[in-house]
Amino acid sequence: MIRKSPPPGSQGTLIKRARPASPSNEQQVIISTSGNEKEQGLIRTVTRTSGLDAPIVSLAGAHGGEILCCRFDPTGQFIAACSADRTVSLWRTYPPNTNYGQLTNVHKAPILDLQWSLSSSSIYTAGADGNLCISDLTTGTRIRRIKAHQGVVNSLDRIATGGTELLVTGGDDGAVRVWDVGANGQGEDAREPVKEFEIGCPVTAVCWSSDAAQIYVAALDNCIHTYDLRTEERLHTLKGHTDTPASLVISPGLGNYILSPSFSSQTLIHDIRPFSPHPHRIYRQLQGAPAGFENTLAKGAWSKYDGGRRVAVGGADRSVTVWDVESGRILYKLSYHHTDAAVRPRKLPGHKGTVTCVEFHPKEPIVLTGSKDGTMLLGEIDPSL
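Model, not experiment: these values are computed from the prediction. (Residues numbered from 1 in each chain as written. Predicted model: local features only at pLDDT ≥ 70, side-chain atom pairs only at ≥ 80, totals over all residues. Heavy atoms only, no water.)

Our focus in this paragraph is the overall build of the chain. For the chain, the helix and strand inventory stands at zero helices and 30 strands. Within the span of the chain, comprising 385 residues, buried residues form 52% of the whole. Sequence separation of at least 24 residues holds for 47% of the intrachain contacts in the chain that already meet a minimum separation of 6. (Helix = DSSP H or I, 4+ residues; strand = E, 2+ residues; numbered from the N terminus. Buried < 20%, exposed > 50% of the residue type's maximum accessible area, 1.4 Å probe, protein only. Contact = heavy atoms within 4.5 Å.)

Structure representation (structure tokens):
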């Protein structure tokens, strides 16, 4: 038997494939244009930036009406959403993203706004029935119902100060009221407001300053009013909107700026420092999030994980607009829908109605959105942009 000699230069040569230095955090996103697996095509490879199972996660099936507000808890591990169907749904942010609770019989009308307690043990909700309610998440029951306003309660905000938690509410009756719900968030002594302000027209949004010394109030007069909690006097008024401001959000950290989307489709960032170099205190004018004709009280958001470099507002175009604060440039237009006509839209999740609320995760580059279609979406963004 004659053996063939190996080719020259190959004797005693061992070829070893190098291993990657570290595991890759990239994930291939594949979409099928038909039911045949052989026709699947690779769309792109994306770099994962969070602990989510996928770059886009849909949270659906808990509500039979439009979602009016959704928020992360202070730890970022859980999500609460309130709806026009008068219920509050509770979700896990990370896999398996289960809907682990549903609060019913809290309000007798749509729930318009909610806040988590600092310890994440309670939920505060404001409804169209004029009530402010406190629900215990350990038992899943309502423990307090406070008649906060004579009409619809449009907005609610919470802050922890001096060993206690304070809530502020604003409603269609033109009043802004402050409630002390105690250090444990149970509200045993919150039968009457500790402070009350008469604005003179319906209030659409309220929020606390970072030091809990002032309250910012957006009203139907297209202005944002600032009230001192100690003296109960109006300090100044922020102007610039040509239509009603829909929501208010203070920047993280020192709270030097305030974000306010409006019914005119214009979003303003006001400089609220004691001595502002900007005329009329307008720091940025942002365009790109259409408000539509529904006059939805769309809730904007300010990023926390990066120190407040980004802001986001949902729109009637079923998408979320994310801006860079410093430049005013649009970084993302998150519609979650694929634009290629050859790709079936049902293969990618996306909102089918106006985006009513946006929230940034407190620790990771994740955006949470809620819509009038009754669903929520969790989406990753690139923190390097």
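There's plenty left to go through after this.
Our focus in this paragraph is the sheet that holds strand 26 (residues 320-324). What links the strands of a sheet is backbone hydrogen bonding, and the strands pair in either a parallel or an antiparallel sense. With antiparallel pairing, the four strands of this open sheet are ordered in space as 24-25-26-27. Of all strands in the sheet, those with a lone pairing partner are strand 24 (301-302) and strand 27 (330-334), marking the two edges. Pairing between strand 26 and strand 27: four bridges, direction antiparallel. Bridging from a neighbouring strand, Val-320 pairs with Leu-334 of strand 27. (Pairing = 2+ DSSP bridges.)

Pairing is antiparallel in the open sheet, where four strands are placed in the order 20-21-22-23. Of all strands in the sheet, those with a lone pairing partner are strand 20 (249-250) and strand 23 (282-287), marking the two edges. In terms of strand pairing, strand 22 (residues 266-271) meets strand 23 through five bridges, oriented antiparallel. Each residue of the ladder has a partner; that of Thr-267, found in strand 23, is Leu-286.

Time to look at the pattern of salt bridges. One pass over the structure, following the stated rule, counts ten salt bridges. The salt bridge involving Asp-317 is made with Lys-333; its shortest N-O contact spans 3.1 Å. With Asp-317 in the loop between strand 25 (310-314) and strand 26 and Lys-333 in strand 27, this pair connects stretches of sequence that are 16 residues apart. A relative accessible area of 32% places Asp-317 in the partly exposed class. (Salt bridge = Lys/Arg side-chain N within 4 Å of Asp/Glu carboxyl O.)

Okay, the pairing of strand 30 (residues 376-380) next. Remark: a regular strand shows side chains that alternate across the two faces of the sheet. Within strand 30, five of the five residues are buried, which leaves the element mostly enclosed by the surrounding structure. Every second residue of strand 30 is oriented toward a common face, with Met-376, Leu-378 and Glu-380 on one face and Leu-377 and Gly-379 on the other, all of them buried. For strand 3 (residues 56-59) and strand 30, the ladder comprises four bridges, and the chain directions are antiparallel. When the sheet's bridge partners are listed, Ile-56 is paired in strand 30 with Gly-379. When strand 29 (residues 366-371) meets strand 30, the two strands line up antiparallel, connected through five bridges. Bridging across to strand 30, Leu-368 finds its partner in Leu-378. Hairpin remark: strand 29 followed by strand 30, antiparallel, with four residues in the connecting loop; positive phi at Gly-374, about 85°.

Attention shifts here to the side chain of Asp-129. When you line up the elements, Asp-129 lands in the loop between strand 9 (122-127) and strand 10 (131-136). No salt bridge is formed by the buried Asp-129, whose closest oppositely charged neighbour, Lys-147, lies at an N-O distance of 6.3 Å. One polar contact links the side chain of Asp-129 to the main-chain amide nitrogen of Asn-131, over a distance of 3.1 Å. With residues up to four places along the chain from it excluded, the contact list for Asp-129 reads His-107, Lys-108, Ala-109, Lys-147 and Gly-151. (Lys, Arg positive; Asp, Glu negative; His and termini not counted. Polar contact = N/O pair within 3.5 Å; in protein donor to acceptor, adjacent residues only side chain to side chain.)

What follows covers the confidence of the model for the chain. Of the residues in the chain, 85% reach a pLDDT of 70 or more, and the chain-wide mean stands at 87. For the stretch residues 9-23, pLDDT sits under 50, and the model shows one contact to residues farther than four places along the chain or on other chains. Of the regions scoring below 50 in pLDDT, residues 338-349 engages in 14 contacts with residues more than four places distant in sequence or in other chains. (pLDDT = per-residue confidence, 0-100.)

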